[in-house]
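This is what each chain is made of:
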Amino acid sequence: MRTNETIETPLNRRSIRKFKPEAVDSQTVATLEVVAQHAASSQYLQDWSAIRVEDPAIKQAIAEIGHQTYIAEAPLLYIFVADEHRNAAIATRKGVDVHADEFTLNSSYRFSQAQNDAVLALHAMETAAYSLGLGCVILGSVLNDPRKLIATLHLPEFTYPVLGLAIGKPDQAPALKPRMERDDQFFTDFYPADDAQLLHGLDAFDGTVHQYYDLRNTDRPVDAFSDQIANNAVDRGVFSRSVTPVAEDQHFRFDR
Ligand SMILES: Cc1cc2nc3c(=O)[nH]c(=O)nc-3n(C[C@H](O)[C@H](O)[C@H](O)COP(=O)(O)O)c2cc1C
């Protein structure tokens, strides 16, 4: 494999869930935000925004939504938002009627476009943060209660929260979490017809994953990968409640 500093940054990336209490300086904050803005943007719509959450009471409210105390302790916390609100305002100024059938900025296609942009921007910020010696954790848990999050952040029409990103100086050194064999995830030309090919390295990978200790729960190694997938493959009544219920009303309508 080839290597350089840029390649080493993502190869050494691991989620950080314990931060030193020091603030991230304003120059670093500015750098991270500008890097996020330079991520690619589908059709150049730039249809995402991010809320930098500084108020400890709002951080706490989000930590309660996510059921993760480290959200409140993050020196720097962002919620990335799929945002067609700004573009709707821009279009309105140009005479577009947002209530017309032809209006597209509230469509499911635009939603996934905006979500893609938001994720790319978040990822650019995450990579830049690691390259500066900071640590991060991406936060899907903030969507445990989308309505509450939307209300907490005053998110307007044509917006929807995508993910959180907590950033700070690492106060832990977790092991790198293993990944499956490259051949189990990268295929040439066609998706393999035979599931046996997909599963060929699974037993060995299960063994590798079962040696990994998650610092959130150090008294036993994590479950084998197969067990994690099987557990996530059935509805435990947690995530299914949270997927996208609000998207059907004022925020995004999946009707096209
Ligand atoms: C979309 C997404 C949502 C995530 N949400 C959470 C979260 O809410 N809380 C958390 O502690 N980690 C979260 N993670 C981090 C994953 O658990 C982590 O990336 C995965 O276990 C692999 O570990 P690593 O990042 O250390 O390689 C999330 C990651 C992604 C990509």
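What counts, and where the lines are drawn
Residues numbered from 1 in each chain as written. Predicted model: local features only at pLDDT ≥ 70, side-chain atom pairs only at ≥ 80, totals over all residues. Heavy atoms only, no water. Pairing = 2+ DSSP bridges. Helix = DSSP H or I, 4+ residues; strand = E, 2+ residues; numbered from the N terminus. Axes fitted to C-alpha atoms, helices over the stretch in contact; angles between N-to-C directions. Near = heavy atom within 4 Å. Polar contact = N/O pair within 3.5 Å; in protein donor to acceptor, adjacent residues only side chain to side chain. Areas by Shrake-Rupley, 256 points an atom, 1.4 Å probe, with all protein chains shown as cover. Nonpolar A, V, L, I, M, F, W, Y, C, P; charged D, E, K, R; others polar. Patch = residues over 30% accessible without salt bridge, like charges linked within 9 Å, V, L, I, M, F, W, Y side chains within 5 Å. Salt bridge = Lys/Arg side-chain N within 4 Å of Asp/Glu carboxyl O. Buried < 20%, exposed > 50% of the residue type's maximum accessible area, 1.4 Å probe, protein only. Parallel < 35°, antiparallel > 145°, perpendicular 65-115°, else oblique. Left-handed = near helix turned anticlockwise from the far one by under 90°. Contact = heavy atoms within 4.5 Å. Core = buried A, V, L, I, M, F, W, Y, C linked by side-chain atoms within 4.5 Å.

## A short note on the sheet that holds strand S3 (residues 135-139)
Right, so step 1: Pairing within the open sheet is antiparallel, and its 4 strands lie in the order S1-S2-S4-S3. Two strands in the sheet have a free side with no partner beyond their single neighbour: strand S1 (48-52) and S3. Across the sheet, the axes of successive neighbouring strands diverge by a mean angle of 25 degrees, strand direction being ignored.
Right, so step 2: As judged from the 5 bridges shared by S3 and strand S4 (residues 159-168), these two strands associate in the antiparallel manner. Bridge pairing in S4 links Ile-138 to Leu-165.

## Details of the site of the ligand
Right, so step 1: Surveying the vicinity of the ligand reveals 15 residues, the closest of which are Ser-15, Arg-17, Tyr-70, Gly-140 and Lys-177.
Right, so step 2: Contact between the ligand and Arg-13: an oxygen atom at 3.0 Å from a side-chain N or O atom of the residue.
Right, so step 3: The side chain of Arg-216 places a nitrogen or oxygen atom 3.2 Å from an oxygen atom of the ligand.
Right, so step 4: Notes on the ligand: free accessible area 620 Å², of which the protein chains cover 71%.
Right, so step 5: Counting residues per element, the shell around the ligand draws most heavily on S3, at 3 residues.
Right, so step 6: Considering only residue class, the shell around the ligand consists of 5 nonpolar, 4 polar and 6 charged.

## Some thoughts on a nonpolar patch on the surface
Right, so step 1: Taken together, the side chains of Met-1, Ile-7 and Leu-11 present a nonpolar region at the surface, about 350 Å² in accessible area.
Right, so step 2: Tracing the backbone shows Met-1 in the segment before helix H1 (5-11).
Right, so step 3: Among the residues examined, Met-1 registers a relative accessible area of 90% and is labelled exposed.

## Considering the packing of helix H2 (residues 26-37) against helix H6 (residues 108-131)
Right, so step 1: Orientation of H2 relative to H6, taken along the N-to-C sense of each, is 140 degrees, at an axis distance of 7 Å. In terms of axis orientation, H2 runs oblique to H6. Judged by the twist between their axes, the crossing of H2 over H6 is right-handed. The segment H2 lies against H6, with Leu-32, Glu-33, Val-35 and Ala-36 engaging Ala-121, Ala-124, Met-125, Ala-128 and Ala-129.
Right, so step 2: Its residues assigned to classes, the contact of H2 with H6 shows 8 nonpolar, no polar and 1 charged.

## With respect to the nonpolar core
Right, so step 1: One finds Ile-62, Phe-80 and Ile-167 to be the most contacted residues of the largest nonpolar core, which totals 48 residues.
Right, so step 2: Counting only elements with at least two residues in this core, the list comes to H2, helix H3 (56-66), helix H4 (69-72), strand S2 (76-83), H6, S3, helix H7 (146-152) and S4.
Right, so step 3: For this core, the leading source of residues is H6, giving 10 residues.
Right, so step 4: Once residues lying within four places of it in the same chain are set aside, the contact partners of Phe-80 are Trp-48, Ser-49, Ala-50, Ala-118, Ala-121, Leu-122, Met-125, Pro-161, Val-162, Leu-163 and Leu-165.
Right, so step 5: Counting 5 residues, the second-largest nonpolar core is a separate cluster that includes Ala-88, Val-98, Phe-103 and Phe-158.

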